Amino acid sequence: MFDEILGLPLHPLIVHAAVVLTPLLAVLAAVYALAPRTRPVLTWAVVGLAPVVPVSVLAARQSGEALEEGRFASIEGKLGERIAEHASFGTPMLLVAFALGLVAAALVYVTRGGRFGRTAELAVSALTVVLAVVSLYYVVRTGHSGAVAVWGN
């Protein structure tokens, strides 16, 4: 299912969704957390991206595993090391994406209507900012290691 589309490997195509949407959610969720005046404008973007980002990262990871198994299973040497390094970021990236999506959605829920109080809002806001930074780190490291595996250097 996550191997090819129209004869092309799916991973290089689908990875773009994760590479674009993850930083977008990270930035929007952090701004939502840190600048309460922006919340009315950002609510639907954060709510919309919160489930889409983990799904796109999951699809990128699954398609990457299919690509590795289907075309690079027997690769050794420098290229094999680069592919292994890139693949090693798949699970942490997925976990962080799921956590960011969940916490970003929770932040919107907690900040709506003032039912949970300022302490809960601050705690979820802080967690959102931390996860946003961590997700930016992993998306850059994962993307860079993939680019190095393909293009060298």
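Up top is the structure.
Residues numbered from 1 in each chain as written. Predicted model: local features only at pLDDT ≥ 70, side-chain atom pairs only at ≥ 80, totals over all residues. Heavy atoms only, no water.

A.B. asks: Whenever I open this one, the pattern of salt bridges confuses me. Can you help?
C.D. replies: Where charged atoms from two side chains of opposite charge approach closely, those side chains can pair. In total, this model carries four salt bridges according to the counting rule given. Note that R141 and E85 form a salt bridge whose closest N and O atoms lie 3.8 Å from each other. Highlighted residues: R141 in helix α5 (residues 117-151) and E85 in helix α3 (residues 77-88), separated in sequence by 56 residues. Residue class for R141 comes out partly exposed when judged on its relative accessible area of 33%. One continuous salt-bridge network, built from bridges that share partners, spans R39, R118 and E121. (Salt bridge = Lys/Arg side-chain N within 4 Å of Asp/Glu carboxyl O. Helix = DSSP H or I, 4+ residues; strand = E, 2+ residues; numbered from the N terminus. Buried < 20%, exposed > 50% of the residue type's maximum accessible area, 1.4 Å probe, protein only.)

A.B. asks: What is the right way to look at the side chain of S135 in this model?
C.D. replies: Along the chain, S135 falls in helix α5. When its relative accessible area of 0% is taken as the criterion, S135 is described as buried. Within the local environment of S135, its side chain forms a polar contact with the backbone oxygen of A132, the two atoms lying 2.9 Å apart. Ignoring any residue separated from it by four or fewer positions in sequence, one finds S135 in contact with T22, A26, M93, V96 and L100. (Polar contact = N/O pair within 3.5 Å; in protein donor to acceptor, adjacent residues only side chain to side chain. Contact = heavy atoms within 4.5 Å.)

A.B. asks: Help me out: how do you make sense of the packing of aromatic side chains in this one?
C.D. replies: Centre distance and the angle of the planes are the two values used to describe a pair of aromatic rings. Summed over the entire model, instances satisfying the criterion amount to three aromatic pairs. Between Y109 and F116, the aromatic rings sit 5.6 Å apart at their centres with planes inclined by 55°, giving tilted as the arrangement. Consider the rings of Y137 and Y138, whose centres lie 5.1 Å apart with planes at 80°: the pair is edge-to-face. For Y137, a relative accessible area of 42% gives the class partly exposed. The class of Y138 is partly exposed, set by a relative accessible area of 21%. Members of the aromatic cluster, each reached through a chain of ring pairs, are F89, Y137 and Y138. Note that R115 overlies the ring of Y109, its terminal NZ or CZ placed 4.9 Å from the centroid. (Phe/Tyr/Trp six-rings, centres within 6.5 Å; stacked < 30°, edge-to-face > 60°. Lys NZ or Arg CZ within 6 Å of the ring centre and 35° of its normal.)

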